[in-house]
Amino acid sequence: ILLRVGLKKPTNPRHHKSSSQKEAFKGGLLRGTSKQPSSSDFAIGNRLSGAASHPFVAPCPNPVPSPMANTMARSFLQAVSSSEEVAPPLRVVQMEGLAVLKIIKHCNEFSPALVTGQLLGLDVGSVLEVTNCFPFPIREEDEEIEADGANYQLEMMRCLREVNVDNNTIGWYQSTLLGSFQTVELIETFMNYQENIRRCVCIIYDPSRSSQGALALKALKLTDSFMDLHRKNNFTGEKLREKKLSWVDIFEEIPIKISNSALISAFMTELEPESPVAQCDYDRLKLSTAPYMERNLEFLIDCMEDLSSEQNKFQYYYRSLSRQQAQQQAWLQKRRVENMARKAAGEEPLPEEDPSNSIFKPIPEPSHLDSYLITNQISNYCNQINGVAGQNFSRLYIMKALHEN
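Numbering of residues starts from 1 in every chain and runs along the sequence as written. Side-chain atom pairs in this predicted model are given and counted only at pLDDT of 80 or more, local residue features only at pLDDT of at least 70, and totals for whole chains, interfaces and linings cover all residues. No hydrogens and no water enter the side-chain calculation; it runs on all heavy atoms of the structure.

An unreviewed UniProt entry annotates the protein as MPN domain-containing protein originating from Musa troglodytarum.

Comments concerning a nonpolar patch on the surface
Operational definition: Residues qualify for a patch when their relative accessible area is over 30% and they have no salt bridge, like charges being joined within 9 Å and the nonpolar side chains of Val, Leu, Ile, Met, Phe, Trp and Tyr within 5 Å. In this description, accessible areas are obtained by the Shrake-Rupley approach with a 1.4 Å probe, and a residue is regarded as covered only by the protein chains that are shown. Think of a salt bridge as a Lys or Arg side-chain nitrogen and an Asp or Glu carboxyl oxygen that are within 4 Å of each other. Comment: elements are numbered from the N terminus, with helices defined as DSSP H or I runs of at least four residues and strands as E runs of at least two. Residue exposure (1.4 Å probe, protein chains only): buried if accessible area is under 20% of the type maximum, exposed if over 50%, otherwise partly exposed.
There is a patch of nonpolar side chains on the surface, built from Phe-393, Leu-396 and Tyr-397 and spanning about 370 Å² of accessible area. Locating Phe-393 in the fold gives a position in helix H13 (residues 369-404). For Phe-393, a relative accessible area of 52% corresponds to the exposed category.

Details of the packing of aromatic side chains
Two measures describe an aromatic ring pair: the distance that separates the ring centres and the angle between the ring planes. So the rule is basically this: Two aromatic rings, drawn from Phe, Tyr or Trp (for Trp, its six-membered ring), form a pair once their centres lie within 6.5 Å of each other, and the interplanar angle then sorts them: stacked below 30 degrees, edge-to-face above 60, tilted otherwise.
Going through the model one piece at a time under the given rule, you end up with seven aromatic pairs. Ring geometry for Phe-134 versus Tyr-152: centroids 6.2 Å apart, planes at 70°, classification edge-to-face. Taken together, the positions of Phe-134 in strand S5 (residues 127-135) and Tyr-152 in helix H5 (residues 143-162) put the pair 18 residues apart, joining distant regions of the chain. On the basis of relative accessibility, which here comes to 2%, the residue Phe-134 falls in the buried class. Residue classification places Tyr-152 among the partly exposed positions, given a relative accessible area of 28%. Cluster of aromatic residues (ring-pair linked, three or more members): Phe-134, Phe-136 and Tyr-152.

Topic: the packing of helix H6 (residues 184-194) against helix H8 (residues 224-232)
Where we set the bar: Orientation is described by axes fitted as lines to C-alpha atoms, over the contacting stretch for helices, and by angles from 0 to 180 degrees between their N-to-C directions. Convention used here: angles under 35 degrees read as roughly parallel, angles over 145 as roughly antiparallel, angles from 65 to 115 as roughly perpendicular, and any remaining angle as oblique. Throughout, a contact is declared for two residues whenever any of their heavy atoms are within 4.5 Å.
The contact between H6 and H8 brings their axes to 11 Å, and the two run at 95°. When the interaxial angle is binned, H6 and H8 end up roughly perpendicular. Contact residues: H6 offers Ile-187, Glu-188, Met-191 and Gln-194, while H8 offers Phe-226, Met-227, His-230 and Arg-231.

Brief notes about the pairing of strand S3 (residues 92-96)
Let me state the cut-off plainly: Two strands make a pair as long as DSSP finds a minimum of two bridges between them.
Relative to S5, S3 runs parallel, the two being bridged by four bridges. Following the sheet pairing, Val-92 is matched in S5 by Val-127. Here S3 pairs with strand S10 (residues 256-259) via four bridges, running parallel. The residue bridging Gln-94 from the neighbouring strand is Lys-257, located in S10.

Observations regarding the state of the cysteines
Our working rule: Put simply, a disulfide is two cysteine sulfurs that come within 2.5 Å.
Enumeration according to the criterion identifies zero disulfides in this entry. A disulfide-free cysteine, Cys-107 has its sulfur positioned 9.1 Å from the sulfur of Cys-133, the nearest such atom. We note that Cys-303 lacks a disulfide partner, and the nearest cysteine sulfur, in Cys-382, lies 9.5 Å from it. On the basis of relative accessibility, which here comes to 8%, the residue Cys-303 falls in the buried class.

Okay, structure coming up:
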């Protein structure tokens, strides 16, 4: 059985890829590597990987049904269903060092183009263990190539099973540029994943941020309240106030813990140089971070323009709504005067509402999802600029003190 997760294109993806971002991704992204994984990317061979949600019990050669067997089967299924209902919340994502290195290598090789891959591991209690991963091939939007992508995944799962590697799908990873990952496509991918997998995460890796001397790796999942609202596809102001959902309640970041086996840890200890200073320590002392700051500011300005256009939509909606309400009041006043005249003449009054009249048709309220995502992205850019600027000031003051001495 193939577990396929399809993707839907965003209804209004204009603000998710700004003009400066499009120019920055020129060459790599236009080849089809910047979009979210397609349905063929998520074709998973459950029969090959053994990722079934319930244990499979092989039937005996000559099964003989009995009341006791039926009772035991019912009690077993009840126990399994009750254990799923009381599953603990996800607290930490534990990643093997090998999986982290594979993700970093894949993303750095194709940077600034965006790439994706599959996460494999185990779901154990409140811990999601990422033990391995494999990249998705770069592809174009073609049915034959998508079919090849599905076959590629099945072959990968079969090979991993043969070498006794964990091959249960627990999510996917993707690269990003300057933290530009909060898009409608990411949400749609999450929703399609969680229709078939109980718990999954997305590992985001930013090669540009990592070049500044920090490991820009984070694990994200959608909050339960946002998923409930997204299933109803109702992001009106009334529903958001009722659910008490703000723009910070869309994504939930899960702490990442990197672990290695004792043998790998001992081997890495042997490989450590005598000098305690590593290359990443030198990277943190770079004084020239102007390109990184400039790109962040460019993307921030683009997001501010997109947010302004979203606000104009809501202003137009509220102006139209107030204009409609004024027209309705005027029409009702006129109808009441007409009904009073009809009553005086002994005729039946007319209804005070006319569904065929255009002024009584409700005006659809724009969705708040786009503005929430843009606000999230603006907050992300501001945090990045704040962090880099603070580190730059610290380095400049250190260098000033060294020159004075």
